[in-house]
Amino acid sequence: MVKIEKFSVRQNYTLYLQKKFLAIILAIESSCDDMSAAVMVDGVVITNVVSSQLIHEQYGGVVPEVASRQHLIDIVPVVESALSKSKIEKHEINAVAVTQGPGLLGSLLVGVNFAKSLALSLNIPLIAVHHMHAHILSHFAELPNPNFPFLCLTVSGGHTQIVKVEAYDQMTVLGKTIDDAAGEAFDKTGKMLGLPYPAGPVMDQLAKQGEPIFKFNLPNMKGLDYSFSGFKTSVLYFLKEKLMENPNFIKENLEDLCASIQNGIVKILMKKLIKAAEETEINEIAIAGGVAANSGLRAALEELKMTNNWNVFIPKMQYCTDNAGMIAVAANFKYLDGKFADQAIVPDAKLKF
Ligand code: KG4
Ligand code: ZN
């Protein structure tokens, strides 16, 4: 068995600080249905390869067992592609970073075990990354970066949170959803309209050609927590009623329905974000996660930049949805801090924030 020497890790780290060599991090993300590998050289993501699994479309949602089996097929070609595109040889890598959780256990297992084996065989440190921390820290992939402390609205298929970020490793959840995530609200209402999975991006495109003429119930939650289930039910009953009158209602009003649903979800998201900014008196505002790709949400934030004097940070599209580039960015903070993971780590589907 190869012995990992703490000394050699430390020595590399010291040399890195002295700029004697460039730190090269290979990052792997496999928490859900995207397999991704990225190469970061000296804090800069130079390659970010993402392979998305289209197989789930036919089931209307991610099937965990199918996702993990597909990851087993994809992981080697995706990692090889990231390395060859970066013109980096395996022996040049200084650390391997991987998403430890949260996510689908079977999917995480593939990435974590691959990363552990690679780090062990190359005798280099392993860095474990929290998926949601990485979404937030993706803002440091490119300039301009938000100043600490900043607020980050993280909106994905599994999470909806308002997070106060005081440092890379000091984050507090101020509010979160008590039921569905924002991405789920897009996907589930989109399913009611007959849109393919994941419905969020499709709804975004269709909404651009429609007007938000239909109104649905918006939640009236106290504090900074979110709820989307009432909104979802309101869309369901509205559609049921309209379809009784006209069976072609959805087909004839698809664009306006998408614009109205998107408008409702964005309004729900913005209300609590504005409240959080007022309560904390923080005006550095960032968004992250898959739903951050939504053009309605982006437009609403651009408007608040003017009206509320916010400094708004919206990641590039490639850093919004799941990608290993953001894992590399989060890992780089840990690398610089010398915070490495033990070979004994295991994936954690419900990893604590
Ligand atoms: O962060 P992500 O890629 O994966 C998770 O960790 O969940 O987020 C995926 C979610 C899906 O629910 C998808 O429908 C949604 O992000 N999404 C969008 C858009 N692009 C992705 N929702 C609305 N508008 C978009 N443009
Ligand atoms: Zn994600």
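Scroll up to find the structure this text is about.
Residues numbered from 1 in each chain as written. Chains lettered and ligands numbered in written order. Predicted model: local features only at pLDDT ≥ 70, side-chain atom pairs only at ≥ 80, totals over all residues. Heavy atoms only, no water.

Engineer: Can you lay out the nonpolar core for me, pointing to particular residues and giving the numbers?
Structural biologist: Core analysis: the largest hydrophobic core is formed by 50 residues, its most contacted members being Leu153, Leu193, Leu269, Met270 and Leu273. Residue contributions to this core peak at 15 residues, all from helix α8 (residues 249–280). Residue contacts for methionine 270: discarding those within four places in its chain leaves Leu153, Leu297, Ala300, Leu301 and Leu304. Formed by 33 residues, the second largest nonpolar core is a distinct cluster that contains Ala97, Ile127, Ala330 and Ala331. (Core = buried A, V, L, I, M, F, W, Y, C linked by side-chain atoms within 4.5 Å. Buried < 20%, exposed > 50% of the residue type's maximum accessible area, 1.4 Å probe, protein only. Helix = DSSP H or I, 4+ residues; strand = E, 2+ residues; numbered from the N terminus. Contact = heavy atoms within 4.5 Å.)

Engineer: Pulling in residues and values, what's your account of the site of ligand 1?
Structural biologist: Looking at ligand 1, there are 18 residues lining it, with Gly157, Asp187, Asp204, Gly290 and Asn294 nearest. Within the backbone of glycine 183, one N or O atom sits 3.3 Å away from an oxygen atom of ligand 1. At 2.7 Å, a side-chain N or O of aspartate 187 approaches an oxygen atom of ligand 1. The fraction of the free accessible surface of ligand 1 (560 Å²) that becomes covered by protein chains is 88%. Taken together, the elements giving at least two residues each to the shell around ligand 1 come down to α4 (131–137), α5 (182–192) and α6 (199–207). Taken together, the residues of the shell around ligand 1 sort by class into five nonpolar, 10 polar and three charged. (Near = heavy atom within 4 Å. Polar contact = N/O pair within 3.5 Å; in protein donor to acceptor, adjacent residues only side chain to side chain. Areas by Shrake-Rupley, 256 points an atom, 1.4 Å probe, with all protein chains shown as cover. Nonpolar A, V, L, I, M, F, W, Y, C, P; charged D, E, K, R; others polar.)

Engineer: Pulling in residues and values, what's your account of α8?
Structural biologist: Residues lying three or four places apart along an α-helix face the same way, a consequence of the helix completing one turn every 3.6 residues. Here α8 spans 44 Å end to end across 32 residues, near enough to the 46 Å set by a 1.5 Å rise per residue. If you look at α8, its biggest bend is around 60 degrees, right at glutamate 255. Looking one or two places after α8, you find glutamate 281, whose phi comes out positive at around 55 degrees. (Expected span 1.5 Å × (residues − 1). Bend = angle between axes of the 7 residues up to and from the residue.)

Engineer: Please give an account of the packing of α6 against α8 that cites residues and values.
Structural biologist: Across the interface, α6 lies against α8 with an axial gap of 8 Å and an inter-helix angle of 115 degrees. In this view, α6 runs roughly perpendicular relative to α8, as classed from their interaxial angle. For the crossing formed where α6 meets α8, the hand is left-handed. Listed contacts from α8 to Met203, Asp204, Leu206 and Ala207 of α6 are Leu254, Glu255, Cys258, Ala259, Ile261 and Gln262. In terms of residue class, the contact of α6 with α8 is built from seven nonpolar, one polar and two charged. (Axes fitted to C-alpha atoms, helices over the stretch in contact; angles between N-to-C directions. Parallel < 35°, antiparallel > 145°, perpendicular 65-115°, else oblique. Left-handed = near helix turned anticlockwise from the far one by under 90°.)

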